[in-house]
Amino acid sequence: MKTWIAFSSILMKDMRSYYLKPPNISWGLIFPIAWTLMFFLRSPVAVEVRDLLPGVMALSILFGTTSMLAVTITFERKSRSFERLLLAPISLNLLMLAKTSGAIMFGVVNAFVPVIFASFLSDLSGINWFMVLGSVILIAITSTFLGLFIAVSVSQVFEAQTFSNFFRFPMLFLCGLFIPLSDLPAFLRPVSYALPLTYGADILKTAINYNGIISVPLSFLMLLIFSVILFAYSTYNVNRKWIL
Amino acid sequence: MKIIEVENLKKTFNGFTAVDGVNFYINQGEIFGFLGPNGAGKTTTINMLTGMAKITEGKVKLMGEDYTRNAKKAQAMMGIVPDESNLYEELSGWENLVFCGALYGMEKYLREERATQLLQQFGLAEAASKSFKAYSKGMKRKLAIAAGIIHQPEILFLDEPTTGIDVAFARQIRNLIVDLHSKGTTIFLTTHYIEEAERLCERLAFIVQGKIVREGTVEEMMKETQGENIVNFTLGGDFTKIEEEFRSHFPDFNLRMGKNNDVSIHSPSTFTLFPFVQFFEERSLPVFEAKIVRPSLEEVFVKVTGIELQKMQSEQNQKGRKSQKGGGSRS
């Protein structure tokens, strides 16, 4: 069985049906601009665009991937078309990888939209682009797998959206982007270190502005661990809850 | 050759036994019918055979190979058409078929060629580029069957293929099933329409409350009612008022209630109609019609399961209507 045919067809169908739709493309463009403006407006002093870049990139990925995947899978479950995929002779792991690949790619593309804008407004020389790319991919993977985790935990589309926010907003404020980790109350710091975005945002800070505080190899390792755990737990749940 | 062998198959959900140790086999090239009322365990059995439900106990073999714990191994050889559509609303009919072909690893040129051929064969060529959501219920069902056979499976599972669709489409689908069968496709068909099973299936199993209560060829099943004499009376009033009196008056006869004041009398020996007509007339129940009924599979089903057919079919039709509205339950 040529499983890659099934894999690529699922990926292409999702790209066409969900990720390349005009509302999502406009979301990818408007979201980073809105975040950048928000940072400018709230800051009493002049803000350097480059300083904002790690935060805007990280949030673009997080918000672009988690709810997208959670909503699309929940929607397909509701319409029973996901059942068609479960009945196909491809392994559950490969199927879930095919379903998540589209969201991961969407997240990576979303992350570079603010970079394009920033290139017109700021000097981007000296950035470690390999490190940026590595962290963007891993943030996209962990955020997408978080979306998958949400999708297998709910049964309605509105629950997926609500549940996504339950994870995203604490991450937004505790990952070190708005408030430096060192300024957080002591009791909240362990929570910060338990969030994947903390490590992804820190790598971006190191790669773009050289001001990260966690060791880069450790951050990459933590993101890999989060990815494996979220994916394994989600597929375990699919097998347990959807194949009765 | 046996294409599927099922041994002591059992499924429990939180202590409730949905399928209770069923045994059956399906020969290559035959249409095997699985009949039973709502909640009898038909869909659960299909789900276990196709890998959509885990098997609690028992064994399933496909072409002699055990796939009880690894249904993925067998899914490439199966075509599955569930009782409710599971195709993609946003894709066209043609795109749905091509996508389903890809799920089975078919090369692009091959799946496109086969999709075009199937749309032609199923009378959907003109609607090929229409979005699936614009299809009527009957067209959706036909496309679902086409999607089930795009990869030319060894066995096709059809779960209630004619439930909830109009008579003309149901007839077209039955003709398609006959056509597929004539081309050698093995078919596992669940239905609650006895006449459909009688017309299409070579072998049958009746399932009630998770247990197979009878299995065999249609001819074998019909033997059970051979020698039985049945007369159906259409009365001009409500029979239930005199039911008790009738039973005490004619203790050697079996009685079955039908719809619209119909009542049928069963006896192993021949009998004259006059005493019955007289009995009804004396109790102000005029006899509008009395006809001899040839024993049918329906009689066997009612005899074996004790389930009145009208009740079963009206329940199933309600289920079909619910699923049309987007609800629907699983049996």
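All figures in this text were calculated on a predicted structure; none of them were measured in a lab.

Turning next to the overall build of chain B. A tally of helices and strands in chain B yields twelve helices and 14 strands. Referenced to the eigenvectors of the C-alpha coordinate spread, the extents of chain B come out at roughly 75 × 45 × 40 Å. Taken over 331 residues, chain B has a buried fraction of 53%. In chain B, of all internal contacts separated by at least 6 residues, the share reaching a separation of at least 24 is 70%. For chain B, the exposed area adds up to about 14,700 Å²; of that, 48% sits on carbon and sulfur atoms. Here chain B holds 41 positive side-chain charges and 43 negative ones, and the gap between their average locations is 5 Å.

We now examine the overall build of chain A. Summing up its helical and strand segments, chain A has ten helices and zero strands in all. Secondary structure elements of chain A, listed N to C terminal, follow the sequence α-α-α-α-α-α-α-α-α-α. Relative to its length of 244 residues, chain A is compact, with a C-alpha radius of gyration of 18 Å against a globular reference of 18 Å. Taken over the C-alpha atoms alone, chain A extends approximately 55 × 40 × 30 Å along its principal axes.

As a further point, take a positive patch on the surface. The grouping of Arg 77, Arg 240 and Lys 241 of chain A together with Lys 54 of chain B at the surface amounts to a positive patch. Mapped onto the secondary structure, Lys 54 of chain B falls in the loop between helix H1 (42-50) and strand S4 (57-62). Using a relative accessible area of 33% as the deciding quantity, one classes Lys 54 of chain B as partly exposed.

Residues and elements named next belong to chain A. The first and last C-alpha atoms of helix H3 (residues 49-78) sit 42 Å apart over 30 residues, in line with the 44 Å expected at 1.5 Å per residue. Maximal helix bending in H3 amounts to about 25°, located at Gly 55. Of all the 30 residues making up H3, 25 are buried; the element is thus mostly covered by neighbouring parts of the structure. Once H3 ends, the next one or two residues include Arg 80, with phi positive near 70°.

Next up on the list: the domain arrangement of chain B. For chain B, the assigned domains are domain 1 (2-77 + 154-223) and domain 2 (229-294). Here domain 1 of chain B and domain 2 of chain B have C-alpha centroids that lie 37 Å from each other.

This part is about the interface of chain A and chain B. On the side of chain B, 32 residues touch chain A, which itself brings 27 residues to the contact. Here chain A packs against chain B, burying approximately 2,700 Å² in sum over the two surfaces, 56% of which is carbon and sulfur. Per-residue buried area on chain A facing chain B is highest for Arg 80, Arg 84 and Leu 87 of chain A; these three make up 31% of the total on that side. Where chain A packs against chain B, one counts four salt bridges. Among the salt bridges present, the one from Glu 90 of chain B reaches Lys 13 of chain A, with a minimum N-O distance of 3.5 Å. Seen at the junction of chain A and chain B, the total is twelve residue pairs in polar contact (both at pLDDT 80 or more). Elements with a contribution of two residues or more to the side of chain A that touches chain B: helix H1 (3-19), helix H4 (81-86) and helix H10 (216-241) of chain A. Looking at the side of chain A that touches chain B, the element that brings in the most residues is H1 of chain A, giving seven residues. Among the residues forming the side of chain A that touches chain B, the class breakdown is 14 nonpolar, six polar and seven charged.

This part is about the environment of Thr 191 of chain B. Residues and elements named next belong to chain B. The residue Thr 191 is located in strand S8 (residues 186-191) in this model. What Thr 191 contacts, discounting residues up to four positions off in sequence, is Phe 34, Leu 35, Gly 36, Lys 42, Glu 160, Glu 196 and Ala 197. A polar side-chain atom of Thr 191 sits 2.9 Å from the main-chain amide nitrogen of Tyr 193.

What counts and what doesn't
- Counting of residues starts from 1 at the beginning of each chain's written sequence and follows it residue by residue.
- Think of it this way: whatever chain is written first is A, whatever ligand is written first is 1, and the rest follow in order.
- Given that the model is predicted, a residue must reach a pLDDT of at least 70 before its local features are reported, and side-chain atom pairs must reach 80 or more before they are shown or counted; all residues, however, enter totals for whole chains, interfaces and linings.
- For side-chain calculations, the full set of non-hydrogen atoms in the structure is used, while hydrogens and water are omitted.
- Numbering of helices and strands starts at the N terminus; helices are DSSP runs of H or I of at least 4 residues and strands are runs of E of at least 2.
- Throughout this description, buried means an accessible area under 20% of the type-specific maximum (1.4 Å probe, protein chains only), exposed means over 50%, and partly exposed covers the range between.
- Any pair of residues with heavy atoms lying within 4.5 Å of one another is described as a contacting pair.
- What sets the accessible areas is the Shrake-Rupley method with a 1.4 Å probe; for residues, cover comes only from the shown protein chains.
- Positive charges are assigned to Lys and Arg, negative charges to Asp and Glu, while His and the chain termini are left out of the count.
- Think of each charge as sitting on NZ of Lys, CZ of Arg, CG of Asp or CD of Glu.
- Radius of gyration here is computed from C-alpha atoms only, and the compact-globule reference equals 2.2 Å multiplied by the residue count raised to the power 0.38.
- A residue counts toward a patch only above 30% relative accessible area and without a salt bridge, and it is joined to like-charged neighbours within 9 Å or, for Val, Leu, Ile, Met, Phe, Trp and Tyr, to nonpolar neighbours within 5 Å.
- What counts as a salt bridge is simple: a side-chain nitrogen of Lys or Arg found within 4 Å of a carboxyl oxygen of Asp or Glu.
- For a helix, the expected span equals 1.5 Å multiplied by the residue count minus one.
- Note on bend: the value at a residue is the angle between axes fitted to the seven residues ending there and to the seven starting there.
- For the domains described, the bounds stem from an automatic or database domain assignment.
- Summed over both partners, the accessible area (1.4 Å probe) lost when two parts come together is defined as the buried area.
- Polar contacts, as counted here, are pairs of nitrogen or oxygen atoms within 3.5 Å of one another; within protein the pair requires one atom able to donate a hydrogen and one able to accept it, and residues that are adjacent in sequence qualify only if both atoms are side-chain atoms.
- The classification used treats Ala, Val, Leu, Ile, Met, Phe, Trp, Tyr, Cys and Pro as nonpolar, Asp, Glu, Lys and Arg as charged, and all other residues, Gly among them, as polar.

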